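The residues making up each chain are set out below.
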Amino acid sequence: MTGRRITTRVPAGTAAGGDHRRTGRLTVGALAISQTIGYGTLSYAFAVLLEPVATDLHSSTTAVTGALTANVLTAAVLAIPVGRRLDRHGGRALMTAGSLLGVLMLVAFSGIGNLWQLYLVQIGIGAAGAASLYEAAFAVIIAWFSAERRAAALLSLTVVAGFASSIFLPLTGWLTDAHGWRTTLLILAAVHTVTVPLHALAVRRPPHHRQAAAARPPSTTSTIRAALADPGFWLLAAGFTAHTAAVSALTVHLVAALVSWGHPLAFASTIAGLLGVLSVAGRLLTTGLHRRYRPALVTAAVFGIQAAAALAMPIFGATTAGAVSTVIGFGIGFGVATIAKPVLLAERYDTSRYATLAGALVVPTTLAKATAPLAAASLHTATGGYTSVLVAVAVCCALAAAGISAAGQCSPRPPRMGVRRAGSG
């Protein structure tokens, strides 16, 4: 039982095989919609609402950005417990509860009157995201699909969800201009309600779950211990943590930076929305390149391009052409880490405890996501401009490129925790 991972294969020509494939496609489709809405309402909208909320609460942008820090710190604390529950029980109940919590928190957000209430709401949104966004969705897909179909399913999900910023950044900007930020949040809450039935009805435990669970290694601790003993894990963690810091800081502050350089809010929101379209293009491009080059090399190269674009942004961003071109340069790698991380993890480790192991990697990256926007806001306050912020973003991207490249060269790969790949004998 410990020498081989047991997989259940359903013959392609049987009715059961057809049902399995249809249910898998339905699951991916439902998750693609729910992740697009979830990231748009729970995450991207905050960047547009930052200035209006700070003004209405008579607070600084740094203080309001701190609420986002509380949001992502909550997600970090919950990452490993959520991963363990996903490995043991699947995603249906957890993701449905996360969606419901998200709706309630958006409604509560619309009624806040002071800063401490904002922090409480953002803590709730962080819990909702931990239970219902990408990490949970990835665990559902990895549990459902075989290794041969998994990459295509992940790509389908992230390509669709990559449009979240393109849809919700300009939508939130337009709604805020037209109706104010409080009404905007109520509208976003109504939209987010759609994710509840999607998770409740479409997320299913795979038919082989019970048999696979019985064949899994019993110790979650040994899974994490083996990964922590691998230098490559630490290089991946360092690379993705630095990149998360860069992307998180830019996502939150890009609209404000463009406005500070003289662009109208509606234009700045629309340009920032290009990040979503570009994340889709970047994922398609890198997935194609993975067939010819090592994923670590491709990922590192994209992160290097982002470093150059971030350095150029303060120089050329005051013009329309400069703003568009530098955002394009950075945006081509905006969503690459999302799909590269599970691919690189799957190259090095067995997936029978994927959600738990991914949760361990989520902890440092989520901490970076929590602290980077606040650090960028403090840097902006200290220097009086966004040039220093963009330089810091460029440095983080360069460090990320170096870390991922080194991880790809880290050899030999450790044993896959005593479990062979499916079909290896």
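As a reminder, the structure under discussion sits directly above these lines.
So, here is what we can say about the structure in this document. Within each chain, residues carry numbers counting from 1 in the order of the written sequence. Note on the predicted model: pLDDT of at least 70 is required for a residue's local features to be given, and 80 or more for side-chain atom pairs to be given and counted; whole-chain, interface and lining totals, by contrast, use all residues. Side-chain metrics rest on all non-hydrogen atoms present in the structure, leaving aside hydrogens and water.

### Some remarks on the overall build of the protein
Then step 1. Under the DSSP-based scheme used, a helix requires at least four consecutive residues in state H or I and a strand at least two consecutive residues in state E, with every element numbered from the N terminus. Across its full length, the protein carries 18 helices and 0 strands.
Then step 2. For the protein, buried positions account for 56% of its 425 residues.
Then step 3. Residue contacts are counted whenever heavy atoms from the two residues lie within 4.5 Å of one another. Pairs at least 24 apart in sequence give 84% of the contacts found in the protein among residues at least 6 apart.
Then step 4. Just so you have it, the protein exposes about 16900 Å², and 67% of that area is on carbon and sulfur atoms. Burial here depends on accessible area, computed with a 1.4 Å probe over protein chains only, as a share of the maximum for the residue type. Under 20% is buried, over 50% is exposed, and the range in between is partly exposed. In these tables, accessible area is a Shrake-Rupley quantity obtained with a 1.4 Å probe, and a residue counts as shielded only by the protein chains included in the view.

### Topic: helix α17 (residues 354-383)
Then step 1. Helix span, as expected, comes to 1.5 Å for every residue beyond the first. Between the first and last C-alpha of α17 there are 42 Å, a value that for 30 residues agrees with the 44 Å anticipated at 1.5 Å per step.
Then step 2. To get the bend at any residue, fit one axis to the seven residues that end at it and another to the seven that begin at it, then take the angle between the two axes. Maximum bend of α17: about 35°, positioned at Val 362, with proline Pro 364 one to four residues after it.
Then step 3. Gly 384, located one to two residues past α17, shows a positive phi value of around 75°.

### A closer look at the packing of aromatic side chains
Then step 1. Classification of ring pairs uses Phe, Tyr and Trp, with its six-membered ring standing for Trp, and accepts pairs whose centres are within 6.5 Å; under 30 degrees between planes counts as stacked, over 60 as edge-to-face, and the remaining range as tilted. Going through the model one piece at a time under the given rule, you end up with 6 aromatic pairs.
Then step 2. Ring geometry for Tyr 44 and Phe 334: centres 6.4 Å apart, planes at 40°, overall tilted. Within this pair, whereas Tyr 44 is found in helix α1 (residues 15-56), its partner Phe 334 is found in the loop between α15 (320-331) and α16 (336-348), the two being separated by 290 residues in sequence. Pair check on accessibility: Tyr 44 and Phe 334 agree, each one buried.
Then step 3. Aromatic pair Phe 109 and Trp 181: ring centres 6.1 Å apart, planes at 55°, arrangement tilted. Here the residue Phe 109 occupies a position in helix α3 (residues 92-110), and Trp 181 occupies one in helix α8 (residues 181-192), the gap between them amounting to 72 residues. In terms of burial, Phe 109 and Trp 181 fall into one category: buried.
Then step 4. Linked through ring pairs, Tyr 39, Tyr 44, Tyr 134, Phe 138 and Phe 334 together constitute an aromatic cluster.

### Concerning the pattern of salt bridges
Then step 1. Here, a salt bridge means any side-chain nitrogen of Lys or Arg that lies within 4 Å of a carboxyl oxygen of Asp or Glu. If you walk through the whole model with that rule in mind, you get 2 salt bridges.
Then step 2. The closest approach of N and O atoms between Asp 56 and Arg 182, which form a salt bridge, is 3.3 Å. Taken together, the residues Asp 56 in helix α1 and Arg 182 in helix α8 connect sequence positions 126 residues apart.
Then step 3. We classify Arg 182 as partly exposed; its relative accessible area is 30%.
Then step 4. A salt bridge links Lys 341 to Glu 135; its shortest N-O distance comes to 3.4 Å. Taken together, the residues span a long stretch of sequence, with Lys 341 in helix α16 and Glu 135 in helix α5 (residues 134-144) at a distance of 206 residues.
Then step 5. The class of Glu 135 is partly exposed, set by a relative accessible area of 25%.

### A few points about the side chain of Thr 158
Then step 1. Within the secondary structure, Thr 158 is located in helix α6 (residues 147-161).
Then step 2. Polar contact is the term for a pair of N or O atoms within 3.5 Å; when the atoms are in protein, one must be able to donate a hydrogen and the other to accept it, and sequence-neighboring residues count only if both atoms are side-chain atoms. From its side chain, Thr 158 meets the backbone oxygen of Leu 154 in a polar contact 3.0 Å long.
Then step 3. Beyond its immediate sequence surroundings of up to four residues, Thr 158 is in contact with Tyr 134, Phe 138, Arg 283, Thr 338 and Ile 339.

### Let's talk about the packing of helix α14 (residues 295-316) against α15
Then step 1. α15 packs onto α14 with a crossing angle of 165° between their chain directions and a minimal axis gap of 8 Å. As the angle between them shows, α14 and α15 are arranged roughly antiparallel. For the pair α14 and α15, the sense of crossing is left-handed. Only Gly 322, Ala 323, Thr 326, Val 327, Gly 329 and Phe 330 of α15 make contact with α14, whose side of the interface consists of Ile 305, Gln 306, Ala 309, Ala 310, Ala 312, Met 313 and Phe 316.
Then step 2. Classifying every residue of the contact of α14 with α15 gives 9 nonpolar, 4 polar and no charged. A fitted line through C-alpha atoms represents every axis, and for helices the fit uses only the stretch in contact; the resulting angles, taken between N-to-C directions, go from 0 to 180 degrees. Roughly parallel means an angle under 35 degrees; roughly antiparallel, over 145; roughly perpendicular, 65 to 115; everything else is oblique. Two helices crossing with the near one rotated counterclockwise from the far one by less than a right angle form a left-handed crossing, whereas a clockwise rotation gives a right-handed crossing. When residues are grouped by polarity, Ala, Val, Leu, Ile, Met, Phe, Trp, Tyr, Cys and Pro land in nonpolar, Asp, Glu, Lys and Arg in charged, and all others, Gly among them, in polar.

### What to know about the nonpolar core
Then step 1. Only buried residues count toward a nonpolar core, which is a set of Ala, Val, Leu, Ile, Met, Phe, Trp, Tyr and Cys residues joined through side-chain atoms within 4.5 Å. Grouped together as the largest cluster of nonpolar side chains are 73 residues, with contacts concentrated most on Leu 31, Ile 141, Leu 157, Leu 254, Met 313, Phe 330 and Leu 390.
Then step 2. Top contributing element to this core by residue count: helix α12 (residues 231-260), with 12 residues.
Then step 3. Leave out the neighbours within four places in its chain, and Leu 157 touches Val 28, Leu 31, Ala 32, Gln 35, Tyr 134, Ala 137, Phe 138 and Ile 141.
Then step 4. Leu 49, Leu 50, Phe 109 and Ile 125 belong to the second largest nonpolar core, which has 25 residues in total.

### Things to note about a nonpolar patch on the surface
Then step 1. On the surface, Leu 285, Leu 289, Tyr 293 and Leu 297 cluster together to form a nonpolar patch covering roughly 360 Å² of accessible area.
Then step 2. Looking at the secondary structure, you find Leu 297 in helix α14.
Then step 3. Taking relative accessible area as the criterion, Leu 297 reaches 52% and is therefore assigned exposed. Nonpolar side chains (Val, Leu, Ile, Met, Phe, Trp, Tyr) within 5 Å and like charges within 9 Å form the patches, drawn only from residues with over 30% relative accessible area and no salt bridge.

### Points about the environment of Gly 40
Then step 1. Relative to the helices and strands, Gly 40 is located in helix α1.
Then step 2. Gly 40 sits in the buried class, given a relative accessible area of 0%.
Then step 3. Sequence-wise, Gly 40 and Leu 169 are 129 residues apart; in three dimensions their C-alpha atoms are separated by 7.4 Å.
Then step 4. Ignoring any residue separated from it by four or fewer positions in sequence, one finds Gly 40 in contact with Ala 45, Ala 164 and Phe 168.

### Structural notes on the side chain of His 253
Then step 1. Here His 253 is to be found in helix α12.
Then step 2. Apart from the residues lying within four places of it in its own chain, the contact partners of His 253 are Thr 65, Pro 373, Ala 376, Ala 377 and Tyr 386.

### As for the packing of α3 against α8
Then step 1. Look at α3 against α8: their axes get within 8 Å of each other, and the N-to-C directions meet at 165°. Judged by the angle between their axes, α3 and α8 are roughly antiparallel. Relative to α8, α3 is oriented so that their crossing is left-handed. Residues Ser 99, Gly 102, Val 103, Leu 106, Val 107, Phe 109 and Ser 110 of α3 touch α8, and the partners they reach there are Trp 181, Arg 182, Leu 185, Leu 186, Leu 188, Ala 189 and His 192.
Then step 2. Considering only residue class, the contact of α3 with α8 consists of 9 nonpolar, 4 polar and 1 charged.

Interpretation note: all reported values are geometric properties and have no functional meaning in isolation.
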